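An overview of the molecular structure
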Amino acid sequence: MYSTLADIVKELQKNDQIVIKHFHIQQTSENDLKNVVDSLPYALDKSIIQFYKEFGGFQLQWIHKENPRFEGNHNIISNEKELEETYHLGEYYVNDGSIFIQSIERVFFTDNFDEMFKYSSESEKARAIESYTEMQTDFAGKSMSVLDFMRNTKTFDLFLKNLDMAFFVDGTSNLPVILGQDHSACYTDSRITDFKTYIDFLSYSKGLIQARVNYYTKYNGHKMRKLTIKNQEKAGVINFSVYDKENGCVKLPFEKKW
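As a further point, take the side chain of His64. Looking at the secondary structure, you find His64 in strand β2 (residues 57-64). Owing to a relative accessible area of 0%, His64 belongs among the buried residues under this scheme. Every residue in contact with His64, bar those within four places of it in the chain, is listed here: Gln17, Ile18, Phe70, Asp96, Phe240, Ser241, Tyr243 and Val250.

The next point concerns the pairing of strand β1 (residues 18-26). Every regular strand shows the same layout, with side chains that alternate between the two sheet faces. In terms of burial, β1 is a largely internal element, eight of the nine residues being buried. In this sheet, β2 lies alongside β1 in antiparallel orientation, the contact comprising eight bridges. Across the sheet, residue Gln26 finds its bridge partner in β2, namely Gly57.

The gaps left among the atoms become clear once a water-sized probe is rolled over them. What the second largest pocket holds in volume is close to 270 Å³. Around the second largest pocket sit 13 residues that line it, and Arg191, Asn214, Tyr215, Glu255 and Lys257 are the ones nearest its centre. Looking at the lining of the second largest pocket residue by residue, the classes come out as five nonpolar, three polar and five charged.

Rules behind the numbers
- Residues numbered from 1 in each chain as written.
- Predicted model: local features only at pLDDT ≥ 70, side-chain atom pairs only at ≥ 80, totals over all residues.
- Heavy atoms only, no water.
- Helix = DSSP H or I, 4+ residues; strand = E, 2+ residues; numbered from the N terminus.
- Buried < 20%, exposed > 50% of the residue type's maximum accessible area, 1.4 Å probe, protein only.
- Contact = heavy atoms within 4.5 Å.
- Pairing = 2+ DSSP bridges.
- 1 Å grid on protein atoms, 1.4 Å probe; cavity = no way out; pocket = protein on both sides within 12 Å on 5 of 7 lines; lining within 4 Å.
- Points joined across faces, edges and corners; volume = space filled by probe spheres on them.
- Nonpolar A, V, L, I, M, F, W, Y, C, P; charged D, E, K, R; others polar.

In structure tokens, the structure reads:
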């Protein structure tokens, strides 16, 4: 079902302007997958379960030779083992392409609020809980506390230090997928999609970082109609051989529409 995702590397390798810096597919376990799915208090769509049947996780980092940061930043990282965090790969936007889909255990058993305050004192955490419980936010037509929003946001593709894609646990099995910006501080300025459509976008964009920023970013995008594969089919062809030095990425057929 998701074989096209693994084919990204083969397609990129055909382009002599692109260097694959790291590619690793984590092993998957049917028993581990079943244990996670059975322990969750909500159902997961078959598209999510099928992905984790095929991949325990998926990591890809690549850079274009026309990238001004290419010289001195193109060391090949071992494909034999997974990388724990993207900070091992350098600073912001060193690479042009990045996919960093984490294991199903890490995705659904990680509390984003606890993760944010894991180095804080108990008193600091208590004050934050009180504050975020009082603060309200709206998402996709529903009002909730900021604390509930944070705890229902499950980061799964941490493709850059300050950018990620996340599920939002809303009681449905086909969980909404949204872009997180500013170190997971903002998710509401993102168009909503679903997991299967997002994976299709990765195959189309080859994990290009700026493609996700341009395509999903929209002020209060969560209030707009959900993006589907039909939207992506109209996005245009990406020419990976042409580098737009002015914008610092591969030439894209669509711009960021704030």
